[in-house]
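Take a look at the letters that make up each chain.
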Amino acid sequence: MANALKSPYAAKIVSIGTAVPPGLLTNNDLEKMVDTSDQWITERTGIKQRHMAEKGVATSDLAAEAAIQAIERAGLKPTDIELIIVATITPDMILPATACLVQDKIGATGAWGFDISIACSGFLYALQVATQFVTTGAHKNVLVIGLDVMSSIIDYTDRTTCIIFGDGGGAVVVQRTEDGAPVGMIDYLYEVDGSGGPALCLPGGGSRNPTSKDTLEKRMHFVHQDGQVVFKFATRKMSDLCLKLLERNGLTGKDVDLFVPHQANLRIISYSAERVGIEMDKVVVNIDEFGNTTAGTLPLALQSARSDGRLKEGSLVLLASVGAGFSAGAALMRWSY
Ligand code: COA
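Predicted model only: the values in this text are computed from it and were never measured.

Student: What's the story with the overall build of the protein chain in this structure? I'm lost.
Tutor: A tally of regular secondary structure across the protein chain gives 11 helices and 13 strands. Considering only C-alpha atoms, the protein chain reaches an extent of 55 × 45 × 35 Å along its principal axes. Here the protein chain holds 337 residues, and the buried ones make up 53% of them. Long-range pairs, those at least 24 residues apart, make up 77% of the contacts in the protein chain with a sequence separation of at least 6. Accessible area for the protein chain stands at about 14,100 Å²; split by element, carbon and sulfur atoms hold 53% of it.

And the structure:
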């Protein structure tokens with residue numbers, strides 16, 4: 001689905017907050033847990049370490065921390081937030097929604113909210129949903145959170161998945177502008193392809209296979225992945241969507257000031273950047289530090305780019321995601337602060 005936005009309002013990001021747990025799991029740690037090596041992980045994925053939540057730390061704890069930081073940096077109070085959208089596949093529990101838990105934790109007493117469960121595309125899709133609510137004039141301040149505690153659903157005896165994922169993410173405040181400034185979301189192109197579902201899934205615990213002794217014994221409560229199938233889809237789809245989106249806006253990769261891709265694998269990122277025609281010095285890469293935090297990668301990447309001075313007011317930013325579903329997306333944004 002795709003839609004160029006036409007509205008008297010713009011929806012701009014006015015702040016970012018992030019939260020990662022302090023604990024680290026390095027490649028050297030993983031060498032002691034499964035049959036792998038630092039060299040293999042580094043060469044095949046670009047990852048050196050991931051942050052790991054302590055037992056008892058849940059998504060809403062980190063989400064609330066990121067949210068408070070984002071709200072403060074926007075110069076707002078929690079009571080100014082009208083809507084909270086949490087993108088996560090690791091909710092504290094199946095119900096209530098994590099957005100409700102965050103709303104209570106941060107004291108956003110005027111907000112409603114809900115969760116979005118679309119894995120690695122979660123933050124990008126949530127950003128678009130927020131944009132729709134803001135550009136229709138319905139809301140002025142929307143909090144968008146992308147965060148996962150992936151360690152809660154990863155099998156640390158499975159070397160094909162445990163090397164990839166980490167915990168953490170962030171929050172942004174999406175705000176309505178009424179001054180006609182050409183900022184915020186410009187256009188987006190999102191797609192799902194449900195035929196890819198089996199290649200990346202968590203088969204147990206849902207209505208298809210409710211949790212039982214059998215599902216636990218078969219380790220169905222962990223993420224299962226066919227890495228090569230995901231890899232092929234991701235490399236092709238991420239670059240396809242970026243190229244199509246740029247083309248219909250009369251742009252090429254050379255016009256992009258900053259490419260902020262989902263951090264799934266450094267090889268997917270490099271291939272996509274090259275095919276879209278974006279030099280690597282304009283690509284945000286922090287996968288070495290955080291691994292793949294699923295819905296958390298894009299806010300963490302935006303914050304990395306803010307911290308190193310590459311994300312500036314007026315920058316033309318291309319965001320891209322790909323992940324379970326399959327789901328994928330590309331969005332163009334004029335950065336606003
Ligand atoms: N350490 C050492 N060897 C490993 C390994 C590990 N952690 N994981 C797999 N291997 C082995 C395989 O068993 C295989 O051995 P074989 O040749 O003897 O059969 C060999 O390495 C190559 O495996 P392959 O699956 O072809 O590796 P790959 O280059 O495709 O890399 C992934 C594996 C998972 C890193 C890669 O497929 C990938 O990143 N896929 C996308 C995953 C992703 O992005 N998921 C999140 C979606 S957003």
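Student: What exactly am I supposed to notice about the environment of Thr-294 here?
Tutor: Residue placement: Thr-294 occurs in the loop between helix H10 (287-290) and helix H11 (297-307). Given the relative accessible area of 1%, Thr-294 is considered buried. For Thr-294, the residues in contact, after removing those within four places along its chain, are Ile-89, Ala-119, Cys-120, Asp-148, Met-150, Phe-165 and His-262.

Student: Mind showing me how you'd approach the nonpolar core here?
Tutor: One recurring pattern in soluble globular proteins is that nonpolar side chains are buried together. In this structure, Ile-154, Cys-162, Cys-242, Phe-259, Ile-278 and Leu-318 are the most contacted members of the largest nonpolar core, which totals 46 residues. Sorting the residues of this core by element identifies helix H8 (227-248), helix H9 (266-276), strand E12 (316-323) and strand E13 (327-334) as the ones contributing at least two each. Looking at this core, the element that brings in the most residues is H8, giving eight residues. Two domains each put at least three residues into this core: domain 1 (10-177) and domain 2 (184-334). When neighbours within four sequence positions are excluded, Phe-259 is seen to be in contact with Met-238, Cys-242, Ser-272, Ala-273, Ile-278, Lys-282, Val-283, Val-284, Leu-318 and Ala-320.

Student: How should I be thinking about the pattern of salt bridges in this particular structure?
Tutor: In a structure, side chains of opposite charge can pair up when their charged atoms sit close to one another. Scanning the model with the defined rule gives 11 salt bridges in all. The partner of Arg-248 in a salt bridge is Asp-187, and the shortest N-O contact between them spans 2.8 Å. Pair noted here: Arg-248 is in helix H8 and Asp-187 is in strand E8 (residues 184-192), with a separation of 61 residues, a long-range link. By relative accessible area, which is 41% here, Arg-248 ends up partly exposed.

Student: Where do I start with the environment of Ala-87 in this structure?
Tutor: When you line up the elements, Ala-87 lands in strand E4 (residues 83-87). Of the residues examined, Ala-87 reaches a relative accessible area of 0% and is grouped as buried. Counting along the chain gives 245 residues from Ala-87 to Leu-332, while the straight-line C-alpha distance between them is 19 Å. When sequence neighbours within four positions are dropped, the list of residues in contact with Ala-87 reads Ile-116, Gly-122, Phe-123, Ala-126, Ile-145, Gly-146, Leu-147 and Ala-295.

Student: In this structure, what is going on with the sheet that holds E12? I would like to understand it.
Tutor: In a beta sheet, neighbouring strands are held together by backbone hydrogen bonds and run either parallel or antiparallel to one another. Strand order in the open sheet formed by four strands is E8-E13-E12-E11, and the pairing between neighbours is mixed. The strands lining the two open edges of the sheet, one partner per strand, are E8 and strand E11 (258-261). Direction aside, neighbouring strands of the sheet carry axes that sit 15° apart on average. Taken strand by strand, H11 contacts E11 and E12, and its axis lies near 150° from that of E11.

Student: Looking at this structure, I do not really get the domain arrangement of the protein chain. What am I missing?
Tutor: By a widespread convention, an interface's size corresponds to the accessible area lost as its parts come together. Split into domains, the protein chain comes out as domain 1 (10-177) and domain 2 (184-334). Looking only at domain 1, the three residues that lose the most surface to domain 2 are Cys-120, Leu-124 and Tyr-125, adding up to 18% of its buried area. Taken together, domain 1 and domain 2 are joined by one salt bridge. Between Arg-219 and Asp-155 there is a salt bridge, with the nearest N and O atoms lying 2.8 Å from each other. In this structure, the connection of domain 1 to domain 2 is made through 17 residue pairs in polar contact (both at pLDDT 80 or more). Where the side of domain 1 that touches domain 2 is concerned, the elements lending two or more residues are strand E1 (10-19), helix H2 (38-45), strand E3 (49-52), helix H5 (122-135), strand E6 (141-149), helix H6 (159-162) and strand E7 (167-177). Each residue belonging to the side of domain 1 that touches domain 2 can be placed in one class, and the counts come to 21 nonpolar, 18 polar and 10 charged.

The rules behind the values
- Residues numbered from 1 in each chain as written.
- Predicted model: local features only at pLDDT ≥ 70, side-chain atom pairs only at ≥ 80, totals over all residues.
- Heavy atoms only, no water.
- Helix = DSSP H or I, 4+ residues; strand = E, 2+ residues; numbered from the N terminus.
- Buried < 20%, exposed > 50% of the residue type's maximum accessible area, 1.4 Å probe, protein only.
- Contact = heavy atoms within 4.5 Å.
- Areas by Shrake-Rupley, 256 points an atom, 1.4 Å probe, with all protein chains shown as cover.
- Core = buried A, V, L, I, M, F, W, Y, C linked by side-chain atoms within 4.5 Å.
- Domains from an automatic or database assignment.
- Salt bridge = Lys/Arg side-chain N within 4 Å of Asp/Glu carboxyl O.
- Pairing = 2+ DSSP bridges.
- Axes fitted to C-alpha atoms, helices over the stretch in contact; angles between N-to-C directions.
- Buried area = accessible area lost by both parts, 1.4 Å probe.
- Polar contact = N/O pair within 3.5 Å; in protein donor to acceptor, adjacent residues only side chain to side chain.
- Nonpolar A, V, L, I, M, F, W, Y, C, P; charged D, E, K, R; others polar.

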